[in-house]
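Residue-level listing of the chains:
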Amino acid sequence: MSSDHAGATPSAAEQVLAMSEIQSLFAKRLRAMDTKQWDQYAQCHTDDVVSESYADVPDENRPQADGQANKVVGAVALTKAISGLLDGDTKVTTVHHGHMPEIELTSPTTARGIWAMEDELWWQHGDVTEHMHGYGHYHEEYRKVEGRWLISYRKLTRLRVTKTPGFFSYLRGRL
């Protein structure tokens, strides 16, 4: 936001603009992930982003950082982890939707948000189509860096997941 005084309360127009920019950022991240545009995906995150979004992945395939499973630190590591899951030897088709954002500006350069989410993932296993369908929430934090809002933290929590019995079998020996 561009308030004239550092630390000043942003105007209503600046607050609406910030929320709109964050919503566009979130949409771009989902589109980049679903279309496998990994350079754009990486650009949606701060260099030190922390992601805790892999709780549904079997234990032996969860990314780890700082000795903690289900954690990835850094835009490069996050992009490598997600592209490895969705765009490795086995291509996984994905559709991610984010709905009903609750965005709170916590300062002129920081914000947090919660998004209702739904995702579907498919991959072909011989003649069988493996499928997962999830519902839950993204809990995110954002930071404005050099005039651009970026995602600095993400945690995925799920309320419900349905999947075919062999959905995660493509991960054997990966990550």
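Reading guide: rules and limits
Residue numbers run consecutively from 1 along every chain, following the written order of its sequence. Reporting in this predicted model follows two pLDDT cut-offs: at least 70 for local features of residues, and 80 or more for side-chain atom pairs to be given and counted; totals over whole chains, interfaces and linings ignore these cut-offs and use all residues. Heavy atoms from the whole structure form the basis of all side-chain values; hydrogens and water molecules are not counted. Helical segments are the DSSP runs of H or I of at least four residues, strand segments are the runs of E of at least two, and each set is numbered from the N terminus. To estimate the expected span of a helix, subtract one from its residue number and multiply by 1.5 Å. For the exposure calls, accessible area comes from a 1.4 Å probe over protein chains only, and a residue counts as buried if that area is under 20% of its type's maximum, exposed if over 50%, partly exposed in between. By definition, two strands form a pair when at least two bridges between them are found by DSSP. Only heavy atoms enter the contact rule, under which two residues are in contact if any of them lie within 4.5 Å. Between the N-to-C directions of two axes lies an angle of 0 to 180 degrees, each axis being a line fitted to C-alpha atoms and, for a helix, fitted only over the stretch in contact. By definition here, a salt bridge exists when the distance from a side-chain nitrogen of Lys or Arg to a carboxyl oxygen of Asp or Glu is within 4 Å.

With an unreviewed UniProt entry as reference, the protein chain is termed Nuclear transport factor 2 family protein, source organism Saccharopolyspora oryzae.

Visitor: Just checking my understanding: could you explain helix H1 (residues 12-34) for this structure?
Guide: Every α-helix carries 3.6 residues per turn, so stepping three or four residues along brings you back to the same face. The first and last C-alpha atoms of H1 sit 33 Å apart over 23 residues, in line with the 33 Å expected at 1.5 Å per residue. Within the sequence span of H1, burial applies to Glu14, Ala18, Ile22, Leu25, Phe26, Arg29, Leu30, Ala32, Met33 and Asp34. One or two residues past the end of H1 sits Lys36, with phi positive at roughly 60°.

Visitor: Whenever I open this one, the sheet that holds strand E8 (residues 148-163) confuses me. Can you help?
Guide: Hydrogen bonds between backbone atoms are what pair the strands of a sheet, whose relative direction is either parallel or antiparallel. Spatially, the six strands line up as an open sheet ordered E4-E1-E8-E7-E6-E5, and their pairing is mixed. At either end of the open sheet lies a strand with only one pairing partner, and these are strand E4 (72-73) and strand E5 (93-107). As paired strands, strand E1 (residues 45-52) and E4 are joined by two bridges and run antiparallel to one another. Bridge pairing links Val50 to Val73 in E4. Here H1 sits on the sheet and contacts E1, E5, strand E6 (110-125), strand E7 (128-145) and E8; the angle it forms with E5, its principal contact strand, is near 155°.

Visitor: Looking at this structure, how should I read the pattern of salt bridges?
Guide: Any two side chains of opposite charge can pair, so long as their charged atoms come close to each other. According to the stated counting rule, one finds six salt bridges in the structure shown. Among the ionic pairs, Arg29 bridges to Glu140, the shortest N-O distance being 3.7 Å. Here the residue Arg29 occupies a position in helix H1, and Glu140 occupies one in strand E7, the gap between them amounting to 111 residues. Of the charged contacts in the structure, one is a salt bridge between Asp48 and Arg143, with a shortest N-O distance of 2.5 Å. Of this pair, Asp48 sits in strand E1 while Arg143 sits in strand E7, and the two are 95 residues apart along the sequence. For Asp48, a relative accessible area of 42% translates into the label partly exposed. Salt bridges linked by common partners bring Arg29, Glu140 and Arg154 together as one network.

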